[in-house]
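Here is how the chains run, residue by residue.
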Amino acid sequence: SYHNLPNLARISKISSKTCCNMVPRYDASRKKWVPLTPDDEEDAGYGPLGSLLRAGPLPFMNRITKSEDYDQAVLKYMGQENVNRNVRFVCVQ
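Treat the numbers as computed from the prediction; the structure is a model and nothing was measured.

What about the nonpolar core?
Among the nonpolar cores identified, the biggest contains five residues, and these are W33, V74, L75, M78 and V83. The element best represented in this core is helix α4 (residues 67-81), accounting for three residues. If near-sequence neighbours (up to four positions away) are discounted, W33 is found in contact with P24, R25, Y26, Q72, L75, K76, G79 and Q80.

Here it is as structure tokens:
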């Protein structure tokens with residue numbers, strides 16, 4: 001039944017003072033999104049096979065052939081949406 005399914009997307013709301021300063025930030029001098037914590041770094045999330053299973057072949061191929069662009073897109077999303085790589089928290093503004 002529905003109630004026996006594991007909670008695959010645990011998202012807890014926490015105050016913006018504690019988490020919004022921890023999401024990636026854009027570094028204008030380097031023109032790159034920069035992770036601020038170990039949880040934001042590339043190896044903290046799932047690997048390329050996880051991309052294939054979750055999003056299909058196109059994101060998988062982009063992750064393999066354009067890994068820097070792929071990671072920058074992930075960091076940008078994280079910074080703009082105030083989430084970490086595994087979406088364990090969402091900042092409440």
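As for the packing of helix α2 (residues 48-55) against helix α3 (residues 57-65)
Closest axis-to-axis distance for the α2/α3 pair is 7 Å, and the angle between their directions is 160 degrees. Taken as axis vectors, α2 and α3 run roughly antiparallel relative to one another. The element α2 and its partner α3 pack so that their crossing is right-handed. Of the residues in α3, those in contact with P48, L49, S51, L52 and A55 of α2 are P57, P59, F60, R63 and I64. Here the contact of α2 with α3 is built from residues that sort into eight nonpolar, one polar and one charged.

A look at the environment of A44
Note that A44 resides in the loop between β3 (32-34) and α2. The spacing of A44 and R85 is 41 residues in sequence and 7.1 Å in space, taken between C-alpha atoms. Those residues within four positions of A44 in sequence are excluded, and the remaining contacts are P38, D39, R85 and N86.

Section: the environment of D71
Tracing the chain through its elements places D71 in helix α4. The spacing of D71 and E42 is 29 residues in sequence and 6.8 Å in space, taken between C-alpha atoms. Sequence-distant contacts of D71, that is, excluding residues within four places in its chain, are made with E42 and R85.

Focus: the pattern of salt bridges
Here the structure, examined in full by the defined rule, presents one salt bridge. Across the pair K32 and E68 runs a salt bridge, and its minimum N-O distance is 3.2 Å. Note that K32 is positioned in strand β3 and E68 in helix α4, a separation of 36 residues in sequence. Assessed through its relative accessible area of 29%, K32 is described here as partly exposed. A residue is classified by how much of its surface remains accessible, and E68, at 41% relative accessible area, is partly exposed.

Considerations on the packing of aromatic side chains
One pass over the structure, following the stated rule, counts one aromatic pair. Geometry around Y46 places R54 over its ring, the cationic atom sitting 3.8 Å from the centre.

Calculation criteria
- The written sequence of each chain sets the order in which its residues are numbered from 1.
- Totals for whole chains, interfaces and linings use all residues, but because this is a predicted model, local features are given only for residues with pLDDT of at least 70 and pairs of side-chain atoms are given and counted only at 80 or more.
- To obtain the side-chain values, all non-hydrogen atoms of the structure were included, while hydrogens and water were left out.
- Working definition of a nonpolar core: buried Ala, Val, Leu, Ile, Met, Phe, Trp, Tyr and Cys residues. They are joined through side-chain atoms within 4.5 Å.
- Buried means the residue's accessible area, taken with a 1.4 Å probe over protein chains only, is under 20% of the maximum for its type, while exposed means over 50%, and partly exposed covers the values in between.
- Elements are defined by DSSP. Helices are runs of H or I of four residues or more, strands are runs of E of two residues or more, and each kind is numbered from the N terminus.
- Contacts are assigned to residue pairs with any non-hydrogen atoms lying within 4.5 Å of each other.
- Each axis is a line fitted through C-alpha atoms, taken for helices only over the stretch in contact, and angles between the N-to-C directions span 0 to 180 degrees.
- With respect to orientation, any angle under 35 degrees is reported as roughly parallel, any angle over 145 as roughly antiparallel, any angle of 65 to 115 as roughly perpendicular, and every other angle as oblique.
- Left-handed describes a crossing in which the near helix is turned anticlockwise from the far one by less than a right angle; the clockwise case is right-handed.
- Under the grouping applied here, Gly and all other residues not named as nonpolar or charged are polar, the nonpolar ones being Ala, Val, Leu, Ile, Met, Phe, Trp, Tyr, Cys and Pro and the charged ones Asp, Glu, Lys and Arg.
- Think of a salt bridge as a Lys or Arg side-chain nitrogen and an Asp or Glu carboxyl oxygen that are within 4 Å of each other.
- Only rings of Phe, Tyr and Trp enter the pairing, Trp through its six-membered ring, and a pair is recorded when the two centres are within 6.5 Å. The plane angle decides the type: under 30 degrees is stacked, over 60 is edge-to-face, the rest tilted.
- Cation placement over rings: the criterion is NZ of Lys or CZ of Arg within 6 Å of the ring centroid and within 35° of the ring normal.

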